[in-house]
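Survey of secondary and tertiary structure
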Protein chains: 4
Amino acid sequence: MSDSIGVAVIGTGFMGKCHAMAWTAVKGVFGDVPRPRLEIVCDSDEPRVRAAAEAFGFAQATTDWQAAVRDPSVDVVSIAAPNEFHAAMTIAALAAGKHVWCEKPMAVSFDDVAAMRDAAERSGRKTCVGYNYVHNPAVQHAVRLIRSGVIGKVASFRVTMDEDFMADGSALWSLKNDAASGYGVIDDFGCHTVSLAHLLVGDIVSVSAVAAKPFATRPSAGGARSVETDDVVHAVVTFAEGAIGTVTVSRSAWGHKGRLDWEVHGPLGTIAFSQERMNELRLYVAEEEPATNGFRTIFTGPDHPPYGLFCPAPGHGLGFNDLKIIEAAHFLRVIGGRESPIYDFERASRVEAVVHAMARSAREGRTVSV
Amino acid sequence: MSDSIGVAVIGTGFMGKCHAMAWTAVKGVFGDVPRPRLEIVCDSDEPRVRAAAEAFGFAQATTDWQAAVRDPSVDVVSIAAPNEFHAAMTIAALAAGKHVWCEKPMAVSFDDVAAMRDAAERSGRKTCVGYNYVHNPAVQHAVRLIRSGVIGKVASFRVTMDEDFMADGSALWSLKNDAASGYGVIDDFGCHTVSLAHLLVGDIVSVSAVAAKPFATRPSAGGARSVETDDVVHAVVTFAEGAIGTVTVSRSAWGHKGRLDWEVHGPLGTIAFSQERMNELRLYVAEEEPATNGFRTIFTGPDHPPYGLFCPAPGHGLGFNDLKIIEAAHFLRVIGGRESPIYDFERASRVEAVVHAMARSAREGRTVSV
Amino acid sequence: MSDSIGVAVIGTGFMGKCHAMAWTAVKGVFGDVPRPRLEIVCDSDEPRVRAAAEAFGFAQATTDWQAAVRDPSVDVVSIAAPNEFHAAMTIAALAAGKHVWCEKPMAVSFDDVAAMRDAAERSGRKTCVGYNYVHNPAVQHAVRLIRSGVIGKVASFRVTMDEDFMADGSALWSLKNDAASGYGVIDDFGCHTVSLAHLLVGDIVSVSAVAAKPFATRPSAGGARSVETDDVVHAVVTFAEGAIGTVTVSRSAWGHKGRLDWEVHGPLGTIAFSQERMNELRLYVAEEEPATNGFRTIFTGPDHPPYGLFCPAPGHGLGFNDLKIIEAAHFLRVIGGRESPIYDFERASRVEAVVHAMARSAREGRTVSV
Amino acid sequence: MSDSIGVAVIGTGFMGKCHAMAWTAVKGVFGDVPRPRLEIVCDSDEPRVRAAAEAFGFAQATTDWQAAVRDPSVDVVSIAAPNEFHAAMTIAALAAGKHVWCEKPMAVSFDDVAAMRDAAERSGRKTCVGYNYVHNPAVQHAVRLIRSGVIGKVASFRVTMDEDFMADGSALWSLKNDAASGYGVIDDFGCHTVSLAHLLVGDIVSVSAVAAKPFATRPSAGGARSVETDDVVHAVVTFAEGAIGTVTVSRSAWGHKGRLDWEVHGPLGTIAFSQERMNELRLYVAEEEPATNGFRTIFTGPDHPPYGLFCPAPGHGLGFNDLKIIEAAHFLRVIGGRESPIYDFERASRVEAVVHAMARSAREGRTVSV
């Protein structure tokens, strides 16, 4: 059992199931990682947690997260509970000596983010924040292309993330409209867009944002209730290295289901990506014969690791859940000391700092330094 | 253990790993299917089969397929060995009372296909041929749309499947160029395209095909060696219900990595699909206001079962391997009597008959009835 | 006036207006061609021909085509009348010593095509058939790329032309459903697809076609009336140089408005084009680093003559009518002896022969040599 | 001659030729507009102006713009000279009683813009600024859809305009890098993006912009010379009616040749457009059955006036120059009192005010009210 690792998963919703699927699949796909032992699954909803335990074959199901994060059978904890619990769960797990894989955003307040970052540093344990889009082989290939100078030093960046799950104004008021849940789209989508920005271009140092609530109120049992969180945010940003950029996010953009588009411009070329077509990377390299030059649509394949471990044939396509399997393998290697973290709590806290700066900029109507 | 099922996987290449991943994931994703027990993995290459057993946690690794298909711990056999072994393995597994999930094409000769079909019928066991593209929620949604009359009775169909893994003329002669391996692209891709045609439009009754070998010879250790299989086939077909169609396939089409595009035209609309963008279905419905009518690009999501079991958010995207997980769940339900087979050996043999008719048409230069 | 040329246009419908617009614009755009003098416009509908004369500034309007084609002020005649008049008008114009620019298809019967071809040869006058898609700078660039060996010797070709103007089964019976008008989509769209095939790959030598009438009858004043022409044709073809191909055309393909897609595969690469995005050419060249290779979407621009005469900025886009302006300039240069014809009557008659062979193949259910 | 109108065109470059082509074509295409008489073409380069006069058939060629704008044969003046001359030429032409069609941006300084606006108001003559993208039938259809409430009140807007003509850092310093030419991309592209914003959403009231010069210097005869204008600008904006938006423009975005993409989100749907595919409009309407809903790609056609005057068949496609023909027809109707102006100097001056506010915001690093 020296080559296995005990896993607890807290939360059985969208991301909880996604983590459980990743822990189930990662050893078969990657081969050279420890085998996860599914020790404990935890959720506040008892029938649901029993069903998840049965489906995935977890050894235990519990509604007591504090017991779960301390259980001696557990080496690593997946935290996929609602955002407001991330800080307490994370800090307890780290204190119990566990490695922590936490979903995004890290926390509702930046104080909590900072506390999580500090707890991780003190603990000496490994951490990972689930910005899963950064694990796409297409994105990682873009990072390699940029670092190898293929497009030169990035001068300009754009990123857009749009969905439409809050676009229906007749939908009932929900917790996501409550200020207690966070800022709304700023943290929900903002941290995905900023994690990509930091990875591709470097740290953002200033932001100027505007935010909108397309629906001031939403229907509720007790009549119309005020919407306190924003559904749309547009921001211009500047990077430490001199580039400028835009970040636009909306969860009220009808028709967009999983859009996450970004583009980087350098003096030698351009790279563009669209998550809804997540197996394609578009590259334009300036130094070609103009008459036959154009954006190349590159389908990912075995030339873009670790795609080949999933499928030896290019262009056959990974899916959203496969990104989480890659993230699981990455974190297992980070834990084993074989790979450097991409987004541990320290680096992720800088992403989350930008998100909080965006919220402040939008509120105060001025440019804010991070 | 009444709710579990013993699995053997024969073959550890592209499709063998794909089956193993599907067996590993299916219970967690679907919940309401029996839990596969990974009993035996088999491959002629001993180090490789040991590695696969270790990665996926199979109880046994063996190089003896005959023992594997008869082992009492095994209820269902995945056959992902080279095509020329499908018939012998399948017939032995059925004779031993196992359910059989066989990769495509069923066999190299139609005599073998017929023998497999007859063995399945005699055995009373369940069978499934791995035409995995038919399990895409987008494709299944198209089938529902067609059956519900949204586009009317199909009049015309086109399907194209292109890859480029044989497009390099300087690549060495290989077994895929040997007539003993089959017809080449006709069976390799033909059965994918025809399985979609039969599913969407109904049975094909006549074909007129032309075939090409872009490279007459390929380099080989002993000098240039004749290429005996075709890389490109174009065919026109007619359907039992009166529609006409084209089937075009190539494994020497530079730039195409996983193309599988089809389109159906009916008197009330058109549906189109492209596997390289496998999470999108395009639909045109005639009865709209012309000024605002156009093809709709529908992203699959929870409204297209079983997508929602993988991810509650639409447009986030399934991958190629997810189709095999769906196929595994489908076959488990077929075995459990809860679902009708889509492509058991009987229905698949009619697909393979069309493929063999195409080969004959191309060889004889005339229209051939199926 | 030595640098001007007298023009007559016969027909004021879709193509007649298109010719008139081209004659009006060509001198300003190209500069180095003779200035067309708009001498005569002719149509059987008197109010309509007067309106056209007024709008375009023709010196005369007439309903007498025989006078028009013989008028001494006229050097070149645009023939854009219904197909059944092409032969008589053309032969008369050539006999009167005029150059002839005739719309496609050349004629309803191949006997007429042959007579037109022979009349042209006897006359020593210049001729041009209006296969206008071949004049797209993107298409001409593809021809140059193929001729320069960029993709090697073409092995496989596909072309599809789809519109939906006959897709509505409740539309009334019209002359296009009458056998007297020709074969239907075979000649209407077939000659566009075959003219591209011949230009890009070389002459077609055999065809095997199937044809369909999605609506056996159409409503008419006197009750349902039989549809005599085909709306859908699918064909496989072989080329003199050894390539194989498909030609699929439909005028009952809901949702397609101006689709004309083609793709050529060679041993070194692929070129693809889609008329609905007529300013883009897609090129895949095999000899690139695989990890960064993909289809390039090339926007046409000044590097693709004569685009730059329309606009100095690439990617700004030509339109359908601009292709006719290019065709007009081409024909003026052919007349002036400065350019070789692309599709004079001799070369076009070989295109039309393929179209007639398709009709015969579909009717007789067998492969037909051209 | 009562139904004709005398035209002068000042400038024979990109836009000068574009105006001349439009004046040549407009009567034939539209029919019911006065016939333009090409009276005078003017350019400072004598051989060039003579060539233009010959090609287009202008009655006079001159290098004296002051004479041109006062010539009694002239009713309307096209001003397509460099931006720094717009104000003087415009004001002189208006003073001489001419109608003025001026290319964008109106002028280098906002003082000049204001002077032009005031001169127009005093003159009583008609004016038009050449924001030609607003005349696309697809764009005009989007305006109608928005005004009819199809997507509800717009909450969010994005627009991007990218080209790459300044992307090559080794290109020599030119006048476009000189502050005397204006701000750079802010005015060059900014006014296109803002003219679309105002048309689709309403007036912008505040902007927060960042700007970048990817190349601080450019090579020049006398050694490296400072670049004084910006190549990239990103801005967030707010609209009078409450919507928020982004405007991102770059003339150093490799690979983009004529990109001008915009998208509007409302509570009932989304509309999106991309100029590189200028004949397509994408529309998502929320109130559809979710399983078959998606963005519709609408090809423009006769249902989107005035497309049908160019071509009776939808999806065949207009080109960039056709937009100028539509603009010419529009201005002729404005002059004739048959249509309201879209962008006369008064309305255009509000567009240009936003552009100048962007420049100030970027320079001062703060949000600026317009």
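Notes on the structure in this doc start here. (Residues numbered from 1 in each chain as written. Chains lettered and ligands numbered in written order. Predicted model: local features only at pLDDT ≥ 70, side-chain atom pairs only at ≥ 80, totals over all residues. Heavy atoms only, no water.)

A short note on unusual backbone geometry
Defined as follows: Per the convention used, a helix needs a DSSP run of H or I reaching at least four residues, while a strand needs a run of E reaching at least two, with both numbered from the N terminus.
Omega for the peptide link from P305 of chain B to P306 of chain B comes to 0°, which places this bond in the cis form. For P306 of chain B, the location among the structural elements is in the loop between strand 16 (295-299) and helix 9 (307-310).

Quick notes on the interface of chain C and chain A
Interfaces are often sized by the accessible area lost when the parts come together. Cut-off, in case you're wondering: In what follows, residue pairs with any heavy atoms lying within 4.5 Å of each other are defined as contacts. Summed over both partners, buried area is the accessible surface (1.4 Å probe) that two parts give up on being assembled. Throughout this description, the term salt bridge denotes a Lys or Arg side-chain nitrogen within 4 Å of a carboxyl oxygen of Asp or Glu. Pairs of N or O atoms within 3.5 Å make up the polar contacts considered here, provided that, within protein, one atom can donate a hydrogen while the other can accept it, and that residues adjacent in sequence are counted only when both atoms are side-chain atoms. Only Asp, Glu, Lys and Arg are considered charged in this grouping, and only Ala, Val, Leu, Ile, Met, Phe, Trp, Tyr, Cys and Pro are considered nonpolar; every other residue, Gly among them, is considered polar. Here, strands pair whenever DSSP counts at least two bridges between them.
Chain C puts 15 residues into the contact, and the matching count from chain A is 15 residues. For the chain C face of the interface with chain A, the top three residues by lost area are A291, T292 and R296 of chain C, together amounting to 44%. At the junction of chain C with chain A, the criterion picks out two salt bridges. The interface formed by chain C and chain A holds eight residue pairs in polar contact (both at pLDDT 80 or more) in total. Mapped by element, the contributors of at least two residues to the side of chain C that touches chain A are helix 6 (137-147) and strand 16 (295-299) of chain C. Top element by residues in the side of chain C that touches chain A is strand 16 of chain C. It accounts for four residues. When grouped by side-chain class, the residues that make up the side of chain C that touches chain A number six nonpolar, six polar and three charged. Where strand 16 (residues 295-299) of chain A and strand 16 of chain C come together, three bridges link them in antiparallel fashion. Opposite T297 of chain A, over in strand 16 of chain C, you have F295 of chain C as the bridge partner.

Details of the interface of chain A and chain D
Taken together, the 45 residues of chain A in the interface contact 45 residues of chain D. Roughly 2,900 Å² is buried in total at the junction of chain A and chain D, and carbon and sulfur atoms are behind 62% of that figure. On inspection of chain A and its partner chain D, the count reaches four salt bridges. Taken together, the links from chain A to chain D amount to 21 residue pairs in polar contact (both at pLDDT 80 or more). Class assignment of the residues belonging to the side of chain A that touches chain D gives a composition of 21 nonpolar, 18 polar and six charged.

Observations regarding the packing of helix 6 (residues 137-147) of chain A against helix 8 (residues 190-200) of chain A
Short version of the rule: Here the axes come from fitting lines to C-alpha atoms, over the contacting stretch only for helices, and the angles between their N-to-C directions go from 0 to 180 degrees.
Two numbers describe how helix 6 of chain A lies on helix 8 of chain A: the axes approach to 10 Å, and their chain directions differ by 30°. Each of V139, Q140, A142, V143, I146 and R147 of chain A in helix 6 of chain A lies in contact with helix 8 of chain A, whose residues at this interface are L196, L199 and L200 of chain A.

A short note on the sheet that holds strand 5 (residues 99-102) of chain D
Residues and elements named next belong to chain D. Taken together, the six strands give an open sheet; going across it, the order is 3-2-1-4-5-6, and neighbouring strands pair in parallel fashion. In this open sheet, the two edge strands, each paired with only one partner strand, are strand 3 (60-62) and strand 6 (127-129). Neighbouring strand axes in the sheet, compared pairwise and without regard to direction, differ in orientation by 20° on average. Pairing of strand 1 (residues 4-10) with strand 2 (residues 35-42), which is carried by seven bridges, proceeds in the parallel orientation. The partner of A8 across the bridge, within strand 2, is I40. Against the sheet, helix 1 (residues 14-30) engages strand 1, strand 2, strand 4 (76-79) and strand 5, with an angle of about 160° to strand 2. Against the sheet, helix 4 (residues 86-95) contacts strand 1, strand 4, strand 5 and strand 6, and its axis sits at roughly 160° relative to strand 5.

Note that every value here comes from positions in space, so none of it alone points to a role or purpose.
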